[in-house]
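# What the coordinates show
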Amino acid sequence: MKRLSQQLLIYFLLILVLQLTSCYTATESTPRIKIEKEEEYKPTIEELVMDNNFVHKGCHTWLPGKAFVSIEDALSPMLRPEGDAPLFDSGLMGKTFFYKGYREENIFGNKEVVYMLFECDGHSYSYYTGKSIKEVKASDYRPLIPSLIDMDDVAMARSLFVGKQLYILTNHWYNLQGEAIQGRHLTAVHIKAVEPGNNVLPLAIHFIDDRGSEAIVYITTKSSTHTQMLSFDRLFSYKDPRIAHSEITDEVWQAITEGRLLKGMTKNECRLSIGTPAEVNKIPTYNGIKEQWLYNSGAYLFFSDGVLEEFRQ
């Protein structure tokens, strides 16, 4: 009995040694995983143009006389008339408000808060910040008055873009009456003017395309590295996109710029034409696997062997 116990002990010890050896061997034979250094992001030329030229400084750096244009007909509820200044119900569209400085007021015995002062047609208006001058300076505070567009931004955009040839990356255009229209993309345009935009996108870029059509797109004054909104670098390019796609025939490229589809297009050509699908499905058939692209607009595409076979746009 004693001999049997000794044999069992030796047996278990052998198993333990084998397990430890195998674990050690497996660890040693596993190749080291190399973690490649992540490439440093390099901003595009279009991003740098916006980041380097539209530096929004806090309002404590503003000088009296800084101009803003009203894009609303009525006075913004954020601006309070002072003295005998009228409460405009209409007639303000296109008028200029000049920054006159600020004053501090003690509210209910608490802290001194800053009121920013503006003048239009000889009348004074104030904007309540709710902040002390110390808080304004510490945070580089800049008030958001939706009805007023900073004319320094408009002047900067004019100096950068007017008279230039650019390549437009969107086909979502507006006509000169401000109505949304279907345009062309990935094609050359000549910038004719830059005007104040709207409450969300402060710059209106007025251009004429290579077919003589005039239109407008609205952009923000920041690059896409700082915002998800419609920025210059998302809507325009200094480089001709056609150069990067020289393998595409002229007929197909024309369809792409017009946002049309043609049977026989590749997946890349379809993506260039109408964008990335919302959903992709693999469908087994007797002839192999077909790929289906679905769009939120209701459009669908079917590919066979990577070539567009059927679609509804």
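Check the entry above for the structure.
Keep in mind it's a predicted model, so treat the numbers as computed, not measured.

## Focus on the sheet that holds strand β3 (residues 96-106)
Pairing is antiparallel in the open sheet, where six strands are placed in the order β2-β5-β4-β3-β1-β6. Of all the strands in the sheet, the pair left with one neighbour each is β2 (80-81) and β6 (148-150). In the sheet, strand β1 (residues 67-70) pairs with β6 via three bridges, with the strands oriented antiparallel. Across the sheet, the residue bridging to F68 is D150, located in β6. Relative to β6, helix α4 (residues 151-161) is tilted by about 45°, and along the sheet it contacts β1 and β6.

## Some words on the pairing of strand β11 (residues 203-209)
When you tally the buried positions in β11, you get six out of seven residues, the bulk of the element. For strand β10 (residues 187-196) and β11, the ladder comprises seven bridges, and the chain directions are antiparallel. Across the sheet, residue P196 finds its bridge partner in β11, namely L203. With antiparallel pairing between neighbouring strands as the criterion, β10 and β11 make up a hairpin whose turn holds six residues. Bridge count for β11 against strand β12 (residues 214-219) is six bridges, and the pairing is antiparallel. Residue pairing across strands places I208 opposite E214, the latter belonging to β12. Hairpin remark: β11 followed by β12, antiparallel, with four residues in the connecting loop; positive phi at G212, about 90°.

The rules behind these values
Residues numbered from 1 in each chain as written. Predicted model: local features only at pLDDT ≥ 70, side-chain atom pairs only at ≥ 80, totals over all residues. Heavy atoms only, no water. Pairing = 2+ DSSP bridges. Helix = DSSP H or I, 4+ residues; strand = E, 2+ residues; numbered from the N terminus. Contact = heavy atoms within 4.5 Å. Axes fitted to C-alpha atoms, helices over the stretch in contact; angles between N-to-C directions. Buried < 20%, exposed > 50% of the residue type's maximum accessible area, 1.4 Å probe, protein only.

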